[in-house]
Amino acid sequence: MKVLLVGATGNLGIRLVAALLTHDHSVVAFVRSPNKLESLLPISVYRQITVVQGDAKDAASIKKAILDADCDAVVNTAGLAALPPWGKSDLPAIFRAVLNAVQDAGSERKRPLRTWFLGGLGVLCFPGSESMLSNYIPIYREHRQNIHLLKSLPPNTNTVDWSMLCPGTMPPESSEVTVPTKLLHGKLIANATTPPLWQDSWMKHIPLIGKLVVCAMNAPRYETTLEQNADLIATDLESHESPWSGRTVGVIDPSK
Ligand SMILES: NC(=O)c1ccc[n+]([C@@H]2O[C@H](COP(=O)([O-])OP(=O)(O)OC[C@H]3O[C@@H](n4cnc5c(N)ncnc54)[C@H](OP(=O)(O)O)[C@@H]3O)[C@@H](O)[C@H]2O)c1
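Residues numbered from 1 in each chain as written. Predicted model: local features only at pLDDT ≥ 70, side-chain atom pairs only at ≥ 80, totals over all residues. Heavy atoms only, no water.

Draft legend 1. Structural view of the nonpolar core. Counting residues in hydrophobic clusters, the biggest one holds 40 residues, and the most contacted among them are L4, I66, L150 and M164. Residue contacts for I66: discarding those within four places in its chain leaves L4, C71, V74, A101, V102, A105 and L113. (Core = buried A, V, L, I, M, F, W, Y, C linked by side-chain atoms within 4.5 Å. Buried < 20%, exposed > 50% of the residue type's maximum accessible area, 1.4 Å probe, protein only. Contact = heavy atoms within 4.5 Å.)

This is the structure we're talking about:
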C-alpha cells in the first residue's frame, strides 16, 4: 500500500518507516522537520521515501498530502499522550485533525482509507467488563477521548477504516534503523478490545481496590518493543481485509 505516515520522526515513527519499507509499502512521511527526519534515518532509507512538511494539527495539509500522493492508508504516530490525568498535550488536537483529514479524503476519493491510530493499554477493557483499564490506573487518559471520537462515528460511515493499536510501554530493541528490519523479539500476539493472555485473579473481587491490583499485576506483562509494534502495523497493511477494522487492539510478546 501507499502509506501516509504522520509523525515519522518519533520513536515509533522511525521504526515504522523501516517496517513499512520492509513489507514493500511505499512511504510518504508527514513531518514538521524533514531535516530532523533525514538526520534520524540512514541516507539509503531516507532516499526510499517521499517527505511532506506540515503540521499534524492542520487537517487541510494532511488531506492534501493523502490526495496528492494517492495514499491508500494512513498511520498516525504524531503526538504523545500526557501521563498524569490532569496533563494536556497536543495529541487530542492532532488526533481530530488526522481523523477529519482521513474522512474528507476518503469521501473525496470515494474509498475509505485504512488508518491505524495509536492509543495505550488503558483504553482496552478489563476482561469480562466494558470498563477501561484507565478507570483503575488513571494514566495516559487523553487516549480515551480519541477512542470515544472513533466510536461515535456513524456505524455506516464509509470514509475511514480505522484500528487503534493499544500497547503498554514500548522500549526500543535497537537505536539502529535498518531495512530490511531484524526483529529480535519475534511477532506479537494481538487481541481486539481486551489485552491478550490476561491473567485473571480472585483478587478482582476485593472491594474498591481489587481490579486496580489485578491491573497493576498485569501491566508489566504488556511491555513490547517499538519494532514489534511497527511490524504488526506494517504486516496488517499487507491485507486488504483486516481482522482489526473498527477495533482497539491489545498486544503481548509471547516470548516473555
Ligand atoms: N512510547 C511508548 O512507550 C508508548 C506506549 C504506548 C502508547 N504510545 C503512544 O504511541 C504514540 C507514539 O509514541 P512515540 O513514543 O513514538 O512518541 P514520540 O517519540 O514523542 O513522537 C511523537 C511524534 O509526534 C510528532 N509531532 C508532535 N506534534 C506534531 C505536530 N503538531 N505536527 C507534526 N508532528 C508532530 C513529533 O514530531 P517532532 O519530531 O517534530 O517533534 C514526533 O515525531 C503516542 O500517541 C503515544 O502516546 C507510546
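Draft legend 2. Structural context of helix α8 (residues 226–236). Across the eleven residues that make up α8, a large majority, ten, are buried. When α8 is considered as a whole, its buried residues turn out to be L226, E227, Q228, N229, A230, D231, L232, I233, A234 and D236. The secondary structure elements touched by the buried residues of α8 are α1 (11–22), β4 (73–76), β5 (113–118), β6 (160–165), β7 (189–192) and β8 (247–252). (Helix = DSSP H or I, 4+ residues; strand = E, 2+ residues; numbered from the N terminus.)

Draft legend 3. Quick peek at the site of the ligand. Taken together, 23 residues are adjacent to the ligand, and T9, G10, R32, K36 and A56 come closest. Backbone polar atom of G10 to an oxygen atom of the ligand: 2.8 Å apart, as the coordinates give it. At 2.9 Å, a backbone N or O of L12 approaches an oxygen atom of the ligand. Considering the ligand on its own, with 910 Å² of exposed area, one finds that the protein chains cover 84% of that surface. The cavity where the ligand resides is the largest pocket. (Near = heavy atom within 4 Å. Polar contact = N/O pair within 3.5 Å; in protein donor to acceptor, adjacent residues only side chain to side chain. Areas by Shrake-Rupley, 256 points an atom, 1.4 Å probe, with all protein chains shown as cover. 1 Å grid on protein atoms, 1.4 Å probe; cavity = no way out; pocket = protein on both sides within 12 Å on 5 of 7 lines; lining within 4 Å. Sits in = over half its atoms within 2 Å of the grid points.)

Draft legend 4. Here's a closer look at the sheet that holds β5. Sheet architecture is open: eight strands sit in the order β3-β2-β1-β4-β5-β6-β8-β7, paired in mixed fashion. Each of the sheet's edge strands pairs with one partner strand only, and the pair in question is β3 (50–53) and β7. The sheet shows a mean angle of 25 degrees between the axes of neighbouring strands, direction not considered. As judged from the four bridges shared by β7 and β8, these two strands associate in the antiparallel manner. Counted as the bridge partner of N191 is G250 from β8. (Pairing = 2+ DSSP bridges. Axes fitted to C-alpha atoms, helices over the stretch in contact; angles between N-to-C directions.)

Function-wise, these values are silent; they only describe arrangement.
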